[in-house]
Amino acid sequence: MSEVHVAGRVGPICVSPEDGTKLCALIRESLARPEPVTLDFAGVTTLTSSFLTPAIGCLYASFTKDFLEANLHWKGLDQTDEALLRFVQQKAIFFYTTQPSQQDDLIAASLRSAEGEE
Amino acid sequence: MMITAAHVQAHVVNIGNQASALPPRLVADANILYWVFYPNFASLAYAGGRLPLSYQISTYPGYWVRAAGAGCQLFTANATIGEFAKVSEYAELEARWLTDPSRPQPDPANPVTRFDARVCKFARYHDAASLGAIRRGLETVIASIFKSVALLDLFSSAMAQHSQADSVWLSSLADFPDAVLVASALNQGVDCILSDDTDFATFPSITLYTANRRTIAAARTAGRLV
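Just so it is clear, the model here is predicted, and its values are computed rather than measured.

This part takes up the pattern of salt bridges. Residue and element names in this part refer to chain A. Throughout the structure, instances matching the rule amount to 12 salt bridges over all chains. Here glutamate 69 ties to lysine 65 by a salt bridge, and the two come within 3.4 Å at their closest N and O atoms. Taken together, the positions of glutamate 69 and lysine 65, both in helix α4 (residues 65-71) and 4 residues apart, correspond to about one turn of that helix.

Laid out in structure tokens, this is it:
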């Protein structure tokens, strides 16, 4: 069992997708051994989807839902952050169970959704 | 027609510049809340290596880390949460529609291939049984926003809010919801707005913090880039 202290790796503000991607690589490495992983969020003051999606959502591209349920654990989250993580998981499961062409449509729609430069 | 130097009235800060200023108080627009708080599929595509990191996915969360780390107080308006909820619900319904093999149509005699506001309204009723679950998910995201972002104070009256929003709306090229956000911020003495929306550059009396390249280019030409 590998335990990752998220605040120790990333700092207390977990918002950056780049940080999320680095954490994802670390988790993926352990899970591939295969070794269960526990994420310890103690000390994290800010946790957002922009971090959680690349950190945890992307794992569903490599591992099944059942495998992750059995091997990925976490602690130190309050009720709101726990619910957010579950929502990120749901979205990732939805995304990775669709066809590749549908995924392209979903990505394009995501990029269109917020008013901006384009 | 896009923004030109002649349209720029705000001061503009390029947040992509690591040396850019960090104000003590900052008001976030709905698109920033979307890129930071809503679990969107573009982030998954980036993490999976299918997309390069777009500036919205990267720069705004990066600046958020800097601002929060420096003790900047983050705000948004009640109306902006409404706008965020609308954009996010639209995204949720669009995702369902795009992956539904039957792509239910508001007018089956004239099927459409693209999701738009009319299809979204139709989808809310067609998918009414799922709407509760969709909204509970979004409620979670909004609760997450409120852990980091405070709501701007209300005006002394609804009419006072309307009058001030109307005044800043008339002085800009932005839409009315943007004017409500600016008026709410100014009402609380905050003149720093974080947004990807170029329209905010057309308000006088504010400083726009943005990574939007067109806005930054227009502000530089106008001599308004701080």
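We now examine the interface of chain A and chain B. With 45 residues of chain A at the interface, the matching set in chain B holds 51 residues. Summed over both partners, the interface of chain A with chain B buries about 4,200 Å², with 61% contributed by carbon and sulfur atoms. If you look at where chain A meets chain B, you find 4 salt bridges. Between the two partners, chain A and chain B, sit 12 residue pairs in polar contact (both at pLDDT 80 or more). At the level of elements, α2 (17-32), β4 (46-47), α3 (49-55), α5 (79-96) and α6 (100-113) of chain A are the ones that each hand at least two residues to the side of chain A that touches chain B. Take the side of chain A that touches chain B: its biggest share by element is 12 residues, from α6(A).

Of note, B:Asn212 is situated in the loop between β6 (207-210) and α9 (213-222). Of the polar contacts made by the side chain of B:Asn212, one reaches the backbone nitrogen of B:Arg214; its length is 3.1 Å.

To continue, consider unusual backbone geometry. For the bond from A:Arg33 to A:Pro34, the omega torsion is 0°, close enough to zero to count as cis. On the secondary structure map, A:Pro34 appears in the loop between α2 and β3 (37-40). We note that B:Arg103 has phi near 35°; this positive angle belongs to a residue other than glycine. Since its relative accessible area comes to 22%, B:Arg103 is described here as partly exposed. The residue B:Ser205 is not glycine, and still its phi comes out positive at about 70°. Tracing the sequence through the fold places B:Ser205 in the loop between β5 (192-194) and β6.

This part takes up the side chain of B:Thr210. Residues and elements named next belong to chain B. Within the fold, threonine 210 resides in strand β6. Residue class for threonine 210 comes out buried when judged on its relative accessible area of 0%. Within polar-contact distance, the side chain of threonine 210 engages the side chain of tyrosine 60 at 3.2 Å. Those residues within four positions of threonine 210 in sequence are excluded, and the remaining contacts are Val12, Val13, Asn14, Ile15, Tyr60, Ser195, Asp196, Thr215 and Ile216.

How each quantity is defined
- Residues numbered from 1 in each chain as written.
- Chains lettered and ligands numbered in written order.
- Predicted model: local features only at pLDDT ≥ 70, side-chain atom pairs only at ≥ 80, totals over all residues.
- Heavy atoms only, no water.
- Salt bridge = Lys/Arg side-chain N within 4 Å of Asp/Glu carboxyl O.
- Helix = DSSP H or I, 4+ residues; strand = E, 2+ residues; numbered from the N terminus.
- Contact = heavy atoms within 4.5 Å.
- Buried area = accessible area lost by both parts, 1.4 Å probe.
- Polar contact = N/O pair within 3.5 Å; in protein donor to acceptor, adjacent residues only side chain to side chain.
- Buried < 20%, exposed > 50% of the residue type's maximum accessible area, 1.4 Å probe, protein only.

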